[in-house]
Amino acid sequence: MPTRARSDLSSLDAVLLLPDSPPSRSHPRQWGVADRRRWLVLLILGTCLNYAARSSLPLTVHAISQELHWSKTDAGYALSSFFWGYTTTQIVGGNLSDRFGGDLIILIASVVWNLAEILHPLAVSSVSLLALTRVVMGAAQGVHFPAMVSLLAVHLSEAKRST
């Protein structure tokens, strides 16, 4: 197949084929090896932090319940509230990630769930306040996996994805 000189390329071809052209939403840049490794470490770290934050209350709820004289209903209310937020943002997270980019959604969600986690010690005196922070944390963590899938679908070619 004959090669064309740069001057022969149409303007659209030049934007899509030249390596120095910036990526766009419709034609995002595919990750190279260094980018894939960096994102692999960041996504694994983010997922581990996600699970660590979500499991902090279940690990301590027995001691908290005894100290603050919570009933089993109160403890169950505090524990289940995480999943009220988590389940409501699964589909929304995927749509937002497809629209604005998975990297931005993961960043915003990480900040929100960490702020909610920081508020846990202050909120533990009231079951309702703790449940509210758990709902917020669950909502923020609910977008993590859909955003991660969206991010990988955009920046990895089909040949680089697992089945």
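Cut-offs and rules
Residues numbered from 1 in each chain as written. Predicted model: local features only at pLDDT ≥ 70, side-chain atom pairs only at ≥ 80, totals over all residues. Heavy atoms only, no water. Core = buried A, V, L, I, M, F, W, Y, C linked by side-chain atoms within 4.5 Å. Buried < 20%, exposed > 50% of the residue type's maximum accessible area, 1.4 Å probe, protein only. Helix = DSSP H or I, 4+ residues; strand = E, 2+ residues; numbered from the N terminus. Contact = heavy atoms within 4.5 Å. Expected span 1.5 Å × (residues − 1). Axes fitted to C-alpha atoms, helices over the stretch in contact; angles between N-to-C directions. Parallel < 35°, antiparallel > 145°, perpendicular 65-115°, else oblique. Left-handed = near helix turned anticlockwise from the far one by under 90°. Nonpolar A, V, L, I, M, F, W, Y, C, P; charged D, E, K, R; others polar. Salt bridge = Lys/Arg side-chain N within 4 Å of Asp/Glu carboxyl O. pLDDT = per-residue confidence, 0-100.

1. Points about the nonpolar core
One finds L43, I106, W113, M137 and L151 to be the most contacted residues of the largest nonpolar core, which totals 18 residues. For this core, the secondary-structure elements that each account for two or more residues are α2 (33–54), α4 (72–88), α6 (102–123), α7 (127–142) and α8 (144–155). Looking at this core, the element that brings in the most residues is α6, giving five residues. In contact with W113, not counting residues within four places along its chain, are G46, L49, N50, A53, M137, A140, Q141 and H144. Formed by nine residues, the second largest nonpolar core is a distinct cluster that contains L57, I64, A78 and A123.

2. Some points on α7
The end-to-end C-alpha separation of α7 is 22 Å, in line with the 22 Å expected for 16 residues at 1.5 Å each. Buried residues along α7 sit against α2, α3 (56–68), α4, α5 (90–100), α6 and α8.

3. Here we look at the packing of α6 against α7
Running from amino to carboxyl end, α6 crosses α7 at an angle of 165°, the nearest separation of the two axes being 8 Å. When the interaxial angle is binned, α6 and α7 end up roughly antiparallel. In this structure, the crossing between α6 and α7 has a hand that is left-handed. Within the contact between the two elements, α6 uses A109, V112, W113, A116, E117, L119, H120 and A123 and α7 uses L129, L130, T133, R134, V136, M137, A140 and Q141. Grouping the constituent residues of the contact of α6 with α7 by class yields 11 nonpolar, three polar and two charged.

4. Structural notes on the environment of L151
You can see L151 is positioned in helix α8. Those residues in contact with L151 that sit more than four places away from it in its chain are W31, W39, L43, G102, D103 and I106.

5. As for the environment of V112
Relative to the helices and strands, V112 is located in helix α6. Given the relative accessible area of 32%, V112 is considered partly exposed. For the pair V112 and V136, spaced 24 residues apart in the sequence, the C-alpha separation amounts to 7.7 Å. Not counting residues up to four positions away in its chain, the partners in contact with V112 are V136 and A140.

6. What about the pattern of salt bridges?
Taken as a whole, this structure holds one salt bridge when the rule is applied. A salt bridge links R38 to D35, with the shortest nitrogen-to-oxygen separation between them at 3.4 Å. In this pair, R38 and D35 both sit in helix α2, three residues apart, roughly one turn of the helix. According to the relative accessible area criterion, R38 is partly exposed, its value standing at 44%.

7. A short note on the confidence of the model for the chain
On average, residues of the chain score 82 in pLDDT, and 80% of them are at 70 or above. Here residues 4–24 scores under 50 on pLDDT; set against residues more than four positions off or in separate chains, the count is 11 contacts.

8. Considerations on the packing of α2 against α6
Following both chains from N to C, one finds α2 and α6 inclined at 30°, their axes separated by 11 Å at the closest point. Classified by the angle between their axes, α2 and α6 sit roughly parallel to one another. Crossing geometry of α2 relative to α6 is assigned as left-handed. Here W39, L43, G46, L49, N50 and A53 of α2 come into contact with α6, specifically with D103, I106, W113 and E117.

9. Remarks on the environment of S150
Within the secondary structure, S150 sits in helix α8. With a relative accessible area of 6%, S150 lands in the buried category. Remark: the alpha-carbon pair of S150 and S97, spanning 53 residues in sequence, is separated by 6.1 Å. When neighbours within four sequence positions are excluded, S150 is seen to be in contact with S97 and D98.

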